[in-house]
Amino acid sequence: MSAERDRCGRADSPRPMIGGGAEKSRPDGTAPTTCGCDDHLVRTAADSRAAGAGRFPLWCAFRCAARGVAYAFATQRNLKIQLAVAVLAVGAGIVLGISRADWLAIVLAIMVVGVAEVVNTAVESAVDLASPQWRDLARAAKDAGAGAVLVASVGSVVVGLIVFFPYIVQRFS
């Protein structure tokens, strides 16, 4: 006798689903997407802890991650600015013909800034959820997250100067 499974393969999922499942629309009136994981209120550690009943499918995890990055990009002006600067850095690297080692430094700098901004977005969202009223500790958490992005951004500028300066000097001398 097999247990009944939800759309993500979990047997007898104990958590409530928004809208009651696949056949119903969400409370906001939109239809559920193809990933059944979207209907759960919260994904918990139990989703990936055990093989079988509590398993959270890998494709759902990737979908959630992509949705998080898309949310950060849609809501954070600075992430769009950082993407534009990254495109300029990649363009400069192509035009200047930088080495493989220099490409590694540029790509890592771009990734560190992007990761910092997405994590900062998560921190800000969690703080807003936990503390809708103004509080000193909430401000400190948000400021620390923004500070991490600032440190990553300054570091990436330094990497850019170290990488590109010799190529620019060589090109114009």
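Residues numbered from 1 in each chain as written. Predicted model: local features only at pLDDT ≥ 70, side-chain atom pairs only at ≥ 80, totals over all residues. Heavy atoms only, no water.

Chemist: What should I look at first to understand the overall build of the chain in this one?
Modeler: Secondary structure summary: the chain contains 5 helices and 0 strands in total. For the chain, the N- to C-terminal ordering of α and β elements is α-α-α-α-α. Pairs at least 24 apart in sequence give 60% of the contacts found in the chain among residues at least 6 apart. Total accessible area on the chain stands at roughly 11,500 Å², and carbon and sulfur atoms take up 69% of it. (Helix = DSSP H or I, 4+ residues; strand = E, 2+ residues; numbered from the N terminus. Contact = heavy atoms within 4.5 Å. Areas by Shrake-Rupley, 256 points an atom, 1.4 Å probe, with all protein chains shown as cover.)

Chemist: Please explain the packing of helix α2 (residues 58-75) against helix α3 (residues 77-96) as it appears in this structure.
Modeler: The axes of two packed helices give the description: the angle between them and the distance between them. At a minimum axis distance of 5 Å, the contact between α2 and α3 shows a crossing angle of 95°. Overall, the two elements α2 and α3 adopt an arrangement that is roughly perpendicular. On α3, the residues touching A72, F73, A74 and T75 of α2 are R77, L79, K80 and L83. Classifying every residue of the contact of α2 with α3 gives 5 nonpolar, 1 polar and 2 charged. (Axes fitted to C-alpha atoms, helices over the stretch in contact; angles between N-to-C directions. Parallel < 35°, antiparallel > 145°, perpendicular 65-115°, else oblique. Nonpolar A, V, L, I, M, F, W, Y, C, P; charged D, E, K, R; others polar.)

Chemist: What am I meant to see in the packing of α3 against helix α4 (residues 100-130) here?
Modeler: Where α3 contacts α4, the axes come no closer than 10 Å and their chain directions differ by 175°. Relative to α4, the element α3 lies roughly antiparallel. Contacts between α3 and α4 pair N78, L79, Q82, A86, A89, V90, G93 and I94 from the former with W103, I106, I110, V113, G114, E117 and V118 from the latter. Of the residues assigned to the contact of α3 with α4, the class counts are 10 nonpolar, 4 polar and 1 charged.

Chemist: Explanation requested: the pattern of salt bridges in the structure shown.
Modeler: Any two side chains of opposite charge can pair, so long as their charged atoms come close to each other. Going through the model one piece at a time under the given rule, you end up with 2 salt bridges. Measuring nitrogen to oxygen at the nearest pair gives 3.1 Å for the salt bridge that ties D143 to R139. Taken together, the residues D143 and R139, both in helix α5 (residues 136-171) and 4 residues apart, mark about one turn of the helix. Owing to a relative accessible area of 43%, D143 belongs among the partly exposed residues under this scheme. (Salt bridge = Lys/Arg side-chain N within 4 Å of Asp/Glu carboxyl O. Buried < 20%, exposed > 50% of the residue type's maximum accessible area, 1.4 Å probe, protein only.)

Chemist: Would you explain the nonpolar core in this entry?
Modeler: Soluble globular proteins: nonpolar side chains tend toward being buried together. Counting residues in each nonpolar core, the largest one holds 7 residues, listed as A89, L96, I98, I106, V163, F164 and Y167. For this core, the elements supplying multiple residues, two or more each, are α3 and α5. Top contributing element to this core by residue count: α5, with 3 residues. The residues contacting I98, other than those within four sequence positions of it, are G93, W103, I106, V163, F164 and Y167. (Core = buried A, V, L, I, M, F, W, Y, C linked by side-chain atoms within 4.5 Å.)

Chemist: I would appreciate a short explanation of the confidence of the model for the chain in the present structure.
Modeler: As a note on interpretation, predicted positions should not be read in detail where pLDDT is low. A residue-level look at the chain finds 68% of positions with pLDDT of 70 or above and a mean pLDDT of 81. In this model residues 1-24 is a low-confidence stretch, pLDDT under 50, and it forms 53 contacts with partners more than four residues away in sequence or in other chains. (pLDDT = per-residue confidence, 0-100.)

Chemist: Whenever I open this one, α3 confuses me. Can you help?
Modeler: Residue pairs three or four apart in sequence face the same way in an α-helix, which turns once every 3.6 residues. End to end, α3 covers 29 Å across 20 residues, agreeing with the expected 28 Å (1.5 Å per residue, within 8%). When α3 is considered as a whole, its buried residues turn out to be L79, Q82, A86, A89, G93 and L96. On an axial view of α3, the arc spanned by its buried residues comes to 115°, and they lie on one face. Pointing more than 90 degrees away from the buried face of α3 are the exposed residues R77, V87, L88, I94 and V95. (Expected span 1.5 Å × (residues − 1). Arc of directions from axis to C-beta.)

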